[in-house]
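# Summary of the model geometry
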Amino acid sequence: MLDALFGHLDLWGQALWGTVVLFFGGGAIALVLGVIVGGMRVSPVPIARAVGTVYVNLVRNTPLTLIFFLFAFGVPVLVEGDVDFLGLAVWALGLYTATYVAETMRAGINTVPVGQAEAARAIGLPFGQVMSLVILPQAMRAVIPPMMSVFIALLKNTTVAAGFSVLNLGSIRAYMSERGENAMDVLLWVAIIFVALVMLLTLLQSQLERRWKVAR
Amino acid sequence: MQPLVELEHVEKHYGEFHALKDINLAVEQGQVVVVIGPSGSGKSTLCRSINRLETITSGSITIDGKELPAEGKALARLRADVGMVFQSFNLFAHKTILENVTLGPIKVRGLSKREAEQEARALLDRVGVGHQADKYPAQLSGGQQQRVAIARSLAMKPKVMLFDEPTSALDPEMINEVLDVMVGLAKEGMTMIVVTHEMGFARKAADRVVFMADGEIVEEAVPEEFFTNPRTPRAKDFLSKLITH
Ligand SMILES: Nc1ncnc2c1ncn2[C@@H]1O[C@H](COP(=O)(O)OP(=O)(O)OP(=O)(O)O)[C@@H](O)[C@H]1O
Ligand SMILES: [Mg+2]
């Protein structure tokens, strides 16, 4: 069993790297886009609200595998030349997870009393600053735990990219089988690594929660 | 002379409900107008319409000769010139008292942090909470919080200040400390529109009382005349109830 890991450190390293790229790449896109879309959904501009709502409902209600398929088959038709499947997978994960980030942000924003936003508007802050200076800092506390669940789900969703010839922890079993390793041993290691990664996220969560707790 | 705040034929609907009916009101520079009336008569709606926290259905509202802009930067700029004090204070819960007062001057007026803090401390001293500058809002009494809210508005150097029942959420012993600050402002020539049932304040500081009922301005008079000799039956009825409790 130990050999399944230590005998193939090169492959494990590449697979872990694939997962890490998918997670951080997709996570960064999801965070930026999700905060923007979440903001759109509470903005005073009706068009922005409508676009945000349509985006969330459309993308969130589509199975992730389907989004991957659309990217994997759609993009090569649209662009000429070689497509980078890792890049596609990062975007698919990011666009999909952004809807969950947006909804989590919106739920957090709704925990802040409306009077806070009204007072901020009354001193002449424009919408963006009402959000960034007054609402979001107060929403953070409520947002962190559900946001961590979103990112843990993202971490596990990176394995869906396995079906699109992107080497990561979700697809390593196939490569290892070619090298003659026992599938159960490999999957056990994959599980152990995921548990460790999720524990890192949970650690980050408690750090963040502690940090935002004082700010009240 | 052009009034500082002017409302002409203002109508406001909440769906089917007609909340403001043909409101005409002009407030001159330096005037203090008290708005009074039964619950649900549209006082808050009127007050909030003036800085466009509520949008009106039709009519026009001008401030210093300029029509209220619809949205965006221009509206934000105009709001900076219109101070607003809420019934529930609405201090920024995650910021210290000092930060509450300096936020607008720094972000909207472009003051340096040092300048803004200097002015904020002077304002906090003036409303009597200077020694609380580093605390958070939740650590202050209601009366103290409301005085900070007034200082936060003043820090923007507004042309006019709106007060929506600023003492209604306060314990009786704290009402006067807030009213005293407001009377002081009125004496210094601040233009004010104040929704309040505090007759003492109206008598001491107001140039005019506007009585509202069912979304309409029913009566407008100088305070003494309104309180001692109301013309309309609705005002008489309202005042008799106000005095008995
Ligand atoms: N957001 C809203 N949606 C629907 N109706 C509303 C809304 N806000 C206020 N109203 C209605 O408009 C009317 C006027 O409300 P407003 O708050 O202006 O009254 P008010 O004179 O300030 O009363 P109070 O003395 O109780 O504060 C009320 O009948 C109220 O129910
Ligand atoms: Mg009211």
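Residues numbered from 1 in each chain as written. Chains lettered and ligands numbered in written order. Predicted model: local features only at pLDDT ≥ 70, side-chain atom pairs only at ≥ 80, totals over all residues. Heavy atoms only, no water.

- Under the annotation held in an unreviewed UniProt entry, chain B carries the name Arginine ABC transporter ATP-binding protein and is attributed to Agrococcus terreus.
- Recorded under Subcellular location (unreviewed entry), the UniProt text for chain B is reproduced unchanged: "Cell membrane".
- If you open the UniProt record of chain B and go to Sequence similarities (unreviewed entry), you find "Belongs to the ABC transporter superfamily." (UniProt positions renumbered as here; feature names shortened; annotations may be inferred.)

- Chain A is annotated in an unreviewed UniProt entry as Amino acid ABC transporter permease of Agrococcus terreus.
- UniProt, in its Sequence similarities (unreviewed entry) section for chain A, records the words "Belongs to the binding-protein-dependent transport system permease family. HisMQ subfamily."

### A few points about the packing of aromatic side chains
- This model, assessed by the stated rule, comprises seven aromatic pairs over all chains.
- Measuring from centroid to centroid gives 5.5 Å for Y96 of chain A and Y100 of chain A, while their planes differ by 55°, and the two rings are tilted. Residue Y96 of chain A and its partner Y100 of chain A are both found in helix α5 (residues 85-110); the two are separated by four residues, about one turn of the helix.
- In this structure Y100 of chain A comes out as partly exposed when scored by relative accessible area, which is 31%.
- Measuring from centroid to centroid gives 5.8 Å for F211 of chain B and F226 of chain B, while their planes differ by 35°, and the two rings are tilted. With a gap of 15 residues between them, F211 of chain B in strand β9 (residues 208-213) and F226 of chain B in helix α8 (residues 223-228) connect regions that are remote in the sequence. (Phe/Tyr/Trp six-rings, centres within 6.5 Å; stacked < 30°, edge-to-face > 60°. Helix = DSSP H or I, 4+ residues; strand = E, 2+ residues; numbered from the N terminus. Buried < 20%, exposed > 50% of the residue type's maximum accessible area, 1.4 Å probe, protein only.)

### Focus: a nonpolar patch on the surface
- A contiguous nonpolar surface patch, about 260 Å² in accessible area, is contributed by M1, L188 and I192 of chain A.
- Along the chain, M1 of chain A falls in the segment before α1 (2-6). (Patch = residues over 30% accessible without salt bridge, like charges linked within 9 Å, V, L, I, M, F, W, Y side chains within 5 Å. Areas by Shrake-Rupley, 256 points an atom, 1.4 Å probe, with all protein chains shown as cover. Salt bridge = Lys/Arg side-chain N within 4 Å of Asp/Glu carboxyl O.)

### Thoughts on the interface of chain B and chain A
- With 25 residues of chain B in contact, the opposing surface of chain A contributes 19 residues.
- Taking both sides of the interface into account, the surface hidden between chain B and chain A amounts to around 1,900 Å²; carbon and sulfur atoms contribute 63%.
- On the surface where chain B and chain A come into contact, there are one salt bridge.
- Put simply, R48 of chain B and E118 of chain A hold a salt bridge, and the shortest N to O gap is 2.6 Å.
- The interface formed by chain B and chain A contains six residue pairs in polar contact (both at pLDDT 80 or more).
- Mapped by element, the contributors of at least two residues to the side of chain B that touches chain A are α2 (72-80), β6 (82-85) and α3 (97-107) of chain B.
- A per-element tally of the side of chain B that touches chain A places α2 of chain B first, with four residues. (Contact = heavy atoms within 4.5 Å. Buried area = accessible area lost by both parts, 1.4 Å probe. Polar contact = N/O pair within 3.5 Å; in protein donor to acceptor, adjacent residues only side chain to side chain.)

### Considering the sheet that holds strand β2 (residues 17-27) of chain B
Residues and elements named next belong to chain B.
- A sheet is described by the order of its strands in space; here four strands give the open sequence β2-β1-β4-β5, paired in antiparallel fashion. The outermost strands of the open sheet, each flanked by one partner alone, are β2 and β5 (66-67).
- In the sheet, strand β4 (residues 58-63) pairs with β5 via two bridges, with the strands oriented antiparallel. Bridge pairing in β5 links I63 to K66. (Pairing = 2+ DSSP bridges.)

### Concerning the site of ligand 1
All names here are of chain B.
- Taken together, Y14, F17, P38, S39, G40, S41, G42, K43, S44, T45 and E165 make up all the residues around ligand 1.
- Side-chain polar atom of Y14 to a nitrogen atom of ligand 1: 3.4 Å apart, as the coordinates give it.
- At a separation of 3.0 Å, an oxygen atom of ligand 1 approaches a polar backbone atom of G42.
- Protein chains shield 59% of the accessible area of ligand 1, which is 630 Å² for the free molecule.
- The element that contributes the greatest number of residues to the shell around ligand 1 is helix α1 (residues 43-50), accounting for three residues.
- Counted by class, the shell around ligand 1 contains three nonpolar, six polar and two charged residues. (Near = heavy atom within 4 Å. Nonpolar A, V, L, I, M, F, W, Y, C, P; charged D, E, K, R; others polar.)

### As for the packing of helix α6 (residues 114-122) of chain A against helix α7 (residues 127-157) of chain A
All names here are of chain A.
- Packing of α6 against α7 brings their axes to within 10 Å, and their N-to-C directions diverge by 160°. On the basis of their axis angle, the class for α6 and α7 is roughly antiparallel. In the crossing of α6 with α7, the sense of the turn from one axis to the other is right-handed. The residues of α7 that touch α6, namely those facing Q116, A117, A120 and R121, are V130, V134, I135 and Q138.
- Looking at the contact of α6 with α7 residue by residue, the class counts come to five nonpolar, two polar and one charged. (Axes fitted to C-alpha atoms, helices over the stretch in contact; angles between N-to-C directions. Parallel < 35°, antiparallel > 145°, perpendicular 65-115°, else oblique. Left-handed = near helix turned anticlockwise from the far one by under 90°.)

### Observations concerning the packing of helix α5 (residues 142-154) of chain B against helix α6 (residues 172-187) of chain B
All names here are of chain B.
- The interhelical angle for the contact between α5 and α6, taken along N-to-C directions, is 20°, at an axis separation of 8 Å. The orientation of α5 with respect to α6, classified from their angle, is roughly parallel. As α5 packs across α6, the resulting crossing turns out to be right-handed. In this structure, α5 uses G142, G143, Q144, Q146, R147, I150 and L154 to contact α6, whose residues at the interface are M174, E177, V178, V181, M182 and L185.
- The residue makeup of the contact of α5 with α6, split by class, is seven nonpolar, four polar and two charged.

### Quick look at the side chain of E11 of chain B
Residues and elements named next belong to chain B.
- By the element assignment, E11 lies in strand β1 (residues 5-14).
- Among buried charged residues, E11 stands out as having no salt bridge; its nearest opposite-charge side chain is K21, 8.4 Å away.
- Only 2.6 Å separates the side chain of E11 from the side chain of H18, close enough to count as a polar contact.
- Leave out the neighbours within four places in its chain, and E11 touches H18, L20, K21, D22, I56, T57 and S58. (Lys, Arg positive; Asp, Glu negative; His and termini not counted.)

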